[in-house]
Amino acid sequence: MPQANELKRYRCYELFSQSTGVEIRAAVKSGEEHGQVTERSGRIHLRFFKLTPKTKPDDVTQIRFICEPDEAFALSQVIRQVANASVPCKEKLNPHKFTAGGAGEETVTTLSVEKWERGGKSGYALTVGRGKDFISVPVPLPKFLFAEEFLRVLSIEQCWVERVEKKTSSPATG
């Protein structure tokens, strides 16, 4: 008899435009020593994606940006600031830099929040960039503000750590 899929609940908010989207959800970072997990901590995962099919084999269809809780809180504050701006503006979070592989090449990922105005239209957008690849998700103000509130709440909920308890063999003195 086939096993039924087990549903797992997690906090998640998805924003969609005509051709792109972003998923904001809780995540976990694990630390290992000698192949054993010794620590887990809360993170916030933003996955930007394209809804259109690839046109070339090397096209990027998604870019991930993982925030520490205080960084996600800062992002929520930037969204609020941009939403309250009286003129078009663009604010960026500090870039994420990492070195992958043996070549030692540094990869930089940026995340920006924008209030835009073009051709008589205006709106808001979240944009992620990595190298020459960018994914921008334009959203209306109510969804922009909901993303701000969701990030604010999620940043507090994900501020936790689990560590292996170190046991000592000698009795505690005190």
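Shown above is the structure to which this text applies.
Residues numbered from 1 in each chain as written. Predicted model: local features only at pLDDT ≥ 70, side-chain atom pairs only at ≥ 80, totals over all residues. Heavy atoms only, no water.

Okay, the overall build of the protein next. Along its length, the protein carries 2 helices and 10 strands. Element order for the protein, N to C, with α for helix and β for strand: β-β-β-β-α-β-β-β-β-β-α-β. Relative to the compact-globule value of 16 Å for 174 residues, the protein shows a C-alpha radius of gyration of 20 Å, a clear excess of over 25%. Considering only C-alpha atoms, the protein reaches an extent of 75 × 50 × 45 Å along its principal axes. The burial tally for the protein puts 33% of its 174 residues in the buried class. Sequence-distant contacts, at least 24 apart, represent 53% of the contacts inside the protein between residues at least 6 apart. Of the roughly 12000 Å² of accessible surface on the protein, 50% is carried by carbon and sulfur atoms. (Helix = DSSP H or I, 4+ residues; strand = E, 2+ residues; numbered from the N terminus. Rg over C-alpha atoms; globule rule 2.2 N^0.38 Å. Buried < 20%, exposed > 50% of the residue type's maximum accessible area, 1.4 Å probe, protein only. Contact = heavy atoms within 4.5 Å. Areas by Shrake-Rupley, 256 points an atom, 1.4 Å probe, with all protein chains shown as cover.)

Quick look at the environment of L93 now. Relative to the elements of secondary structure, L93 occurs in the loop between β5 (89-92) and β6 (96-100). Measuring from C-alpha to C-alpha, the distance between L93 and S112 comes to 6.2 Å, with 19 residues separating the pair along the chain.

Taken together, the 5 bridges between strand β1 (residues 12-16) and strand β2 (residues 20-33) define a ladder with antiparallel strand orientation. Each residue of the ladder has a partner; that of C12, found in β2, is R25. Where β1 hands over to β2, the hairpin turn is made up of 3 residues, counted between the paired strands. With antiparallel pairing between neighbouring strands as the criterion, β2 and strand β3 (residues 36-50) make up a hairpin whose turn holds 2 residues, including H34 at a positive phi of roughly 55°. (Pairing = 2+ DSSP bridges.)

Let's shift gears to unusual backbone geometry. A positive phi angle, near 55°, is found at H34, a position not held by glycine. Of note, H34 is situated in the loop between β2 and β3. With relative accessibility at 81%, the residue H34 sits in the exposed group.

With 15 residues, helix α1 (residues 69-83) extends 21 Å from end C-alpha to end C-alpha; this agrees with the ideal 21 Å at 1.5 Å per step. P69, E71, A72, L75, S76, V78, I79, V82 and A83 are the residues of α1 that are buried. (Expected span 1.5 Å × (residues − 1).)

Per the stated rule, a full pass over the model turns up 9 salt bridges. With a shortest N-O distance of 3.2 Å, E23 and R47 are connected by a salt bridge. Pair noted here: E23 is in strand β2 and R47 is in strand β3, with a separation of 24 residues, a long-range link. The two residues E23 and R47 agree in class, both being buried. Residue E149 pairs with R152 through a salt bridge whose shortest N-O separation is 2.7 Å. In this pair, E149 and R152 are both assigned in helix α2 (residues 141-157), 3 residues apart and thus about one turn of the helix distant. Residue classification places R152 among the partly exposed residues on the basis of a relative accessible area of 30%. Within this structure, E23, R25 and R47 form a network of salt bridges that share partners. (Salt bridge = Lys/Arg side-chain N within 4 Å of Asp/Glu carboxyl O.)

What is shown is where atoms sit, not what they do.
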